[in-house]
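# Structural features, examined
The primary structure of each chain is shown beneath.
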Amino acid sequence: QVQLVESGGDSVQPGGSLRLSCAVSGPPSDYYSLAWFRQTPGKEREGVACIAREKTTYYERSVRGRFTISRNDADKMVYLEMNNLKLEDTGTYYCAAGPRWNLLPSVYDYWGQGTQVTVSA
């Protein structure tokens, strides 16, 4: 059983930065891929970034060049560094773990509780 606990969400101004953290526990075989998703009321959950065990990364188009996902398997942590935040980045951010490297929510088996990111002027 994998458990994920996110932290680091906050309220920031446009152009600001945040670093989200997710502590991962459980069998490493169950988290080949680690990902960040976000959800805003009225919208479907959206894949933001994912990273494979080999540290290959993929980003949703709107965050490319602004966000960086990283993982440290020795520390069992996954991070999302968010720079140049925009109003539309507002949402609840969820850490997820699963066997496939993609940004489809349905393939992820384990989810954290979420951490709120609010970008407002």
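Notes on the structure in this doc start here.

How each quantity is defined
Residues numbered from 1 in each chain as written. Predicted model: local features only at pLDDT ≥ 70, side-chain atom pairs only at ≥ 80, totals over all residues. Heavy atoms only, no water. Pairing = 2+ DSSP bridges. Helix = DSSP H or I, 4+ residues; strand = E, 2+ residues; numbered from the N terminus. Axes fitted to C-alpha atoms, helices over the stretch in contact; angles between N-to-C directions. Disulfide = S-S within 2.5 Å. Buried < 20%, exposed > 50% of the residue type's maximum accessible area, 1.4 Å probe, protein only. Salt bridge = Lys/Arg side-chain N within 4 Å of Asp/Glu carboxyl O. Core = buried A, V, L, I, M, F, W, Y, C linked by side-chain atoms within 4.5 Å.

Turning next to the sheet that holds strand β1 (residues 3-7). Pairing within the open sheet is antiparallel, and its 4 strands lie in the order β1-β3-β8-β7. Each edge of the open sheet is held by one strand with a lone partner, namely β1 and β7 (67-72). Averaged over all adjacent pairs, the angle separating strand axes in this sheet is 15°, with direction ignored.

With that settled, the discussion passes to the state of the cysteines. The tally for this structure, following the rule as stated, stands at 1 disulfide. Disulfide pairing places Cys 22 opposite Cys 95 at an S-S distance of 2.4 Å. The sign of the -90° torsion about the S-S bond sets the Cys 22-Cys 95 disulfide as left-handed. One end of the pair, Cys 22, is in strand β3 (residues 18-25); the other, Cys 95, is in strand β9 (residues 91-98), and 73 residues separate them in sequence. The class of Cys 95 is buried, set by a relative accessible area of 0%. Here Cys 50 is not cross-linked by a disulfide; its sulfur's nearest cysteine counterpart is in Cys 95, at 12 Å.

Under the criterion given, the structure shown has 5 salt bridges. Here Glu 46 ties to Arg 38 by a salt bridge, and the two come within 2.9 Å at their closest N and O atoms. A relative accessible area of 24% places Glu 46 in the partly exposed class. Residue classification places Arg 38 among the buried residues on the basis of a relative accessible area of 4%. For Arg 71, the salt bridge is made with Asp 73, and the minimal N-O distance between the two is 2.9 Å. One network of salt bridges, in which partners are shared, links Arg 38, Glu 46, Arg 66 and Asp 89.

As a further point, take the nonpolar core. Within the largest apolar cluster, 27 residues are counted, with the highest numbers of intra-cluster contacts made by Leu 4, Trp 36, Phe 67, Val 78, Leu 80, Met 82 and Tyr 93. Those elements that provide at least two residues to this core are β3, β4 (33-39), β5 (46-52), β7, β8 (77-82), β9 and β11 (115-119). Ranked by the residues each element gives to this core, the list is headed by β3, at 4 residues. Formed by 7 residues, the second largest nonpolar core is a distinct cluster that contains Ala 35, Leu 103, Val 107 and Tyr 108.

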